[in-house]
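# Summary of the model geometry
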Amino acid sequence: MPLEFTFPFFRWCDRTALGEFVRGGSWQFPMIETFHILSLAVLIGTVVVVVNLRLMGVLMKGWTVSGLMTELRPYLNWSLVVILVSGVLLFLSEAEKAFPNPAFWVKIYLLFAAIIFHYTVVVRMTKHEEVSRATGVVVGVISLILWLGIGWAGRAIAFV
(Lines give C-alpha, C1' and ligand atoms only; values in the text may rest on other atoms or scores of the structure.)
Protein backbone atom coordinates (compact mmCIF):
# COMPACT_ATOMS: atom_id res chain seq x y z
CA MET A 1 0.00 0.00 0.00
CA PRO A 2 2.84 2.48 0.62
CA LEU A 3 4.16 4.26 -2.41
CA GLU A 4 7.81 3.19 -2.21
CA PHE A 5 9.13 6.27 -4.03
CA THR A 6 7.77 8.47 -1.20
CA PHE A 7 9.94 6.93 1.52
CA PRO A 8 12.73 9.55 1.24
CA PHE A 9 10.09 12.22 1.86
CA PHE A 10 8.89 10.34 4.95
CA ARG A 11 12.47 10.03 6.22
CA TRP A 12 13.01 13.77 5.66
CA CYS A 13 9.76 14.58 7.53
CA ASP A 14 10.79 12.39 10.43
CA ARG A 15 14.12 14.21 10.71
CA THR A 16 12.84 17.79 10.52
CA ALA A 17 13.39 20.03 13.53
CA LEU A 18 9.64 20.26 14.02
CA GLY A 19 9.27 16.48 13.96
CA GLU A 20 12.07 16.10 16.48
CA PHE A 21 10.55 18.80 18.68
CA VAL A 22 7.13 17.10 18.76
CA ARG A 23 8.70 13.70 19.39
CA GLY A 24 11.38 14.93 21.79
CA GLY A 25 9.46 16.14 24.82
CA SER A 26 6.98 14.70 27.23
CA TRP A 27 4.15 17.18 26.58
CA GLN A 28 4.26 18.09 22.88
CA PHE A 29 2.77 14.97 21.31
CA PRO A 30 -0.04 14.53 23.89
CA MET A 31 -0.96 18.22 23.71
CA ILE A 32 -1.12 18.23 19.91
CA GLU A 33 -3.05 14.95 19.93
CA THR A 34 -5.55 16.46 22.38
CA PHE A 35 -6.27 19.34 19.99
CA HIS A 36 -6.46 16.83 17.13
CA ILE A 37 -9.05 14.68 18.94
CA LEU A 38 -11.10 17.65 20.22
CA SER A 39 -11.27 19.08 16.70
CA LEU A 40 -12.22 15.66 15.41
CA ALA A 41 -15.12 15.64 17.88
CA VAL A 42 -16.31 19.02 16.54
CA LEU A 43 -15.97 17.82 12.95
CA ILE A 44 -17.80 14.58 13.67
CA GLY A 45 -20.54 16.50 15.47
CA THR A 46 -21.05 18.95 12.64
CA VAL A 47 -20.46 17.25 9.32
CA VAL A 48 -20.94 13.63 10.22
CA VAL A 49 -23.83 13.73 12.62
CA VAL A 50 -25.80 16.89 12.03
CA VAL A 51 -25.28 17.66 8.33
CA ASN A 52 -25.34 14.07 7.07
CA LEU A 53 -28.25 12.99 9.23
CA ARG A 54 -30.15 16.11 8.14
CA LEU A 55 -29.37 15.31 4.50
CA MET A 56 -30.76 11.84 5.11
CA GLY A 57 -33.92 13.31 6.64
CA VAL A 58 -33.30 11.75 10.05
CA LEU A 59 -32.42 14.74 12.22
CA MET A 60 -33.48 18.38 12.63
CA LYS A 61 -36.29 18.26 10.08
CA GLY A 62 -37.35 21.79 11.08
CA TRP A 63 -34.16 23.17 9.56
CA THR A 64 -33.41 23.50 5.88
CA VAL A 65 -30.23 21.75 4.80
CA SER A 66 -28.80 25.04 3.52
CA GLY A 67 -29.66 26.89 6.74
CA LEU A 68 -28.07 24.22 8.88
CA MET A 69 -24.93 24.18 6.76
CA THR A 70 -24.68 27.98 6.92
CA GLU A 71 -24.79 27.83 10.73
CA LEU A 72 -22.29 24.98 11.03
CA ARG A 73 -19.83 25.93 8.28
CA PRO A 74 -17.45 27.91 10.56
CA TYR A 75 -17.23 25.02 13.04
CA LEU A 76 -16.70 22.53 10.26
CA ASN A 77 -14.04 24.57 8.47
CA TRP A 78 -12.09 25.55 11.59
CA SER A 79 -12.17 22.04 13.03
CA LEU A 80 -10.86 20.70 9.72
CA VAL A 81 -8.04 23.28 9.70
CA VAL A 82 -7.02 22.34 13.26
CA ILE A 83 -7.23 18.64 12.42
CA LEU A 84 -5.03 19.05 9.35
CA VAL A 85 -2.42 21.22 11.10
CA SER A 86 -2.26 19.01 14.19
CA GLY A 87 -2.27 15.91 11.98
CA VAL A 88 0.73 17.18 10.05
CA LEU A 89 2.58 17.86 13.32
CA LEU A 90 1.77 14.38 14.61
CA PHE A 91 2.80 12.89 11.26
CA LEU A 92 6.14 14.74 11.30
CA SER A 93 6.98 13.15 14.63
CA GLU A 94 6.29 9.60 13.40
CA ALA A 95 6.66 9.72 9.63
CA GLU A 96 9.03 6.75 9.23
CA LYS A 97 6.92 4.72 11.63
CA ALA A 98 3.75 5.60 9.66
CA PHE A 99 5.19 4.71 6.26
CA PRO A 100 4.78 0.90 6.41
CA ASN A 101 1.50 1.07 8.37
CA PRO A 102 -1.47 0.11 6.16
CA ALA A 103 -3.92 1.87 8.52
CA PHE A 104 -2.04 5.14 7.96
CA TRP A 105 -2.42 4.81 4.20
CA VAL A 106 -6.11 3.94 4.49
CA LYS A 107 -6.58 7.05 6.65
CA ILE A 108 -4.78 9.30 4.16
CA TYR A 109 -6.69 7.96 1.15
CA LEU A 110 -10.01 8.27 2.99
CA LEU A 111 -9.09 11.78 4.16
CA PHE A 112 -8.46 12.98 0.62
CA ALA A 113 -11.63 11.29 -0.61
CA ALA A 114 -13.73 12.73 2.25
CA ILE A 115 -12.46 16.28 1.77
CA ILE A 116 -13.01 16.17 -1.98
CA PHE A 117 -16.45 14.58 -1.56
CA HIS A 118 -17.47 17.07 1.11
CA TYR A 119 -16.35 20.23 -0.68
CA THR A 120 -17.79 19.14 -4.01
CA VAL A 121 -20.85 16.93 -3.53
CA VAL A 122 -22.00 17.69 0.04
CA VAL A 123 -21.50 21.46 -0.23
CA ARG A 124 -23.33 21.49 -3.57
CA MET A 125 -26.18 19.48 -2.06
CA THR A 126 -26.47 21.77 0.96
CA LYS A 127 -26.88 24.88 -1.17
CA HIS A 128 -30.41 23.77 -1.99
CA GLU A 129 -33.26 24.49 0.40
CA GLU A 130 -34.47 20.90 0.22
CA VAL A 131 -32.87 17.75 -1.06
CA SER A 132 -34.72 14.66 -2.28
CA ARG A 133 -34.73 11.92 0.33
CA ALA A 134 -33.08 9.33 -1.93
CA THR A 135 -30.26 11.66 -2.96
CA GLY A 136 -29.79 12.85 0.62
CA VAL A 137 -29.56 9.28 1.90
CA VAL A 138 -26.98 8.27 -0.73
CA VAL A 139 -24.83 11.37 -0.16
CA GLY A 140 -25.18 11.13 3.62
CA VAL A 141 -24.25 7.46 3.75
CA ILE A 142 -21.20 7.93 1.53
CA SER A 143 -20.07 10.89 3.62
CA LEU A 144 -20.60 8.97 6.87
CA ILE A 145 -18.60 6.01 5.56
CA LEU A 146 -15.71 8.27 4.52
CA TRP A 147 -15.51 10.35 7.72
CA LEU A 148 -16.07 7.46 10.13
CA GLY A 149 -13.57 5.40 8.12
CA ILE A 150 -10.96 8.08 8.73
CA GLY A 151 -11.57 7.89 12.47
CA TRP A 152 -11.47 4.10 12.43
CA ALA A 153 -8.26 4.00 10.40
CA GLY A 154 -6.68 6.70 12.58
CA ARG A 155 -7.42 4.66 15.68
CA ALA A 156 -6.12 1.51 13.99
CA ILE A 157 -2.73 3.14 13.31
CA ALA A 158 -1.66 2.44 16.89
CA PHE A 159 -2.59 -1.24 16.64
CA VAL A 160 -1.29 -2.24 13.21
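Right above here is the structure, for reference.
This section reports on the structure supplied with the text. (Residues numbered from 1 in each chain as written. Predicted model: local features only at pLDDT ≥ 70, side-chain atom pairs only at ≥ 80, totals over all residues. Heavy atoms only, no water.)

### As for the side chain of Gln28
- Position of Gln28 relative to the elements: it lies in helix 3 (residues 28-55).
- Within the local environment of Gln28, its side chain forms a polar contact with the backbone oxygen of Phe21, the two atoms lying 3.1 Å apart.
- For Gln28, the residues in contact, after removing those within four places along its chain, are Phe21 and Val22. (Helix = DSSP H or I, 4+ residues; strand = E, 2+ residues; numbered from the N terminus. Polar contact = N/O pair within 3.5 Å; in protein donor to acceptor, adjacent residues only side chain to side chain. Contact = heavy atoms within 4.5 Å.)

### Some details on the environment of Leu111
- Position of Leu111 relative to the elements: it lies in helix 6 (residues 102-126).
- Separated by 17 residues in the primary sequence, Leu111 and Glu94 place their C-alpha atoms 18 Å from one another.
- Beyond its immediate stretch of four places on either side in the chain, Leu111 contacts Leu84 and Ile150.

### Quick word on the pattern of salt bridges
- Taken as a whole and assessed by the stated rule, the structure comprises three salt bridges.
- For the salt bridge of Asp14 with Arg23, the shortest nitrogen-to-oxygen distance reads 3.5 Å.
- Taking the relative accessible area as the measure of exposure, Arg23 reaches 38% and is therefore partly exposed.
- Across the pair Lys97 and Glu94 runs a salt bridge whose closest N-O atoms are separated by 3.6 Å. (Salt bridge = Lys/Arg side-chain N within 4 Å of Asp/Glu carboxyl O. Buried < 20%, exposed > 50% of the residue type's maximum accessible area, 1.4 Å probe, protein only.)

### Concerning the packing of aromatic side chains
- All chains considered together, the criterion is met by 12 aromatic pairs.
- Considering the side-chain rings of Phe10 and Phe99, the 5.0 Å spacing of their centres and the 70° angle between planes classify their relative orientation as edge-to-face. One end of the pair, Phe10, is in helix 1 (residues 7-14); the other, Phe99, is in the loop between helix 5 (95-98) and helix 6, with 89 residues separating them in the sequence.
- Pairwise contacts between aromatic rings join Phe7, Phe9, Phe10, Trp12, Phe91, Phe99, Phe104, Trp105 and Tyr109 into one cluster. (Phe/Tyr/Trp six-rings, centres within 6.5 Å; stacked < 30°, edge-to-face > 60°.)

### Some details on the nonpolar core
- Formed by 26 residues in total, the largest nonpolar core has its most connected members in Leu43, Val47, Val51, Leu55, Val122, Val139 and Trp147.
- Listed by contribution, the elements that provide at least two residues to this core are helix 3, helix 4 (65-93), helix 6 and helix 7 (133-156).
- Looking at this core, the element that brings in the most residues is helix 4, giving seven residues.
- In this structure Val139 touches Leu55, Phe117, Val121, Val122 and Met125, once residues within four positions along its chain are discounted.
- With nine residues, the next largest nonpolar core counts Cys13, Ala95, Phe104 and Trp105 among its residues. (Core = buried A, V, L, I, M, F, W, Y, C linked by side-chain atoms within 4.5 Å.)

### Quick notes on helix 7
- A rise of 1.5 Å per residue sets the reference length of helix 7, with its 24 residues, at 34 Å; its end C-alpha atoms lie 33 Å apart and thus fit the reference within 8%.
- For helix 7, the set of buried residues is Gly136, Val139, Gly140, Ser143, Leu144, Leu146, Trp147, Gly149, Ile150, Ala153 and Ala156.
- Next to the buried residues of helix 7 lie helix 3, helix 4 and helix 6. (Expected span 1.5 Å × (residues − 1).)

### What to know about helix 1
- Residues Phe10, Cys13 and Asp14 constitute the buried set of helix 1. Down the axis of helix 1, the buried side of the element spans an arc of 95°, and every buried residue falls inside it. Within helix 1, the exposed residues directed more than 90 degrees away from the buried face are Pro8 and Trp12.
- Summarising the contacts, the buried residues of helix 1 are in contact with helix 2 (17-24), helix 4, helix 5 and helix 6. (Arc of directions from axis to C-beta.)

### What about the packing of helix 2 against helix 4?
- Here helix 2 crosses helix 4 at 85°, and the two axes come no closer than 7 Å. With respect to helix 4, the axis of helix 2 lies roughly perpendicular. The residues of helix 4 that touch helix 2, namely those facing Leu18, Gly19, Val22 and Arg23, are Leu89, Leu92 and Ser93.
- The residue inventory of the contact of helix 2 with helix 4, partitioned by class, reads four nonpolar, two polar and one charged. (Axes fitted to C-alpha atoms, helices over the stretch in contact; angles between N-to-C directions. Parallel < 35°, antiparallel > 145°, perpendicular 65-115°, else oblique. Nonpolar A, V, L, I, M, F, W, Y, C, P; charged D, E, K, R; others polar.)

Structural measurements only, silent on function.
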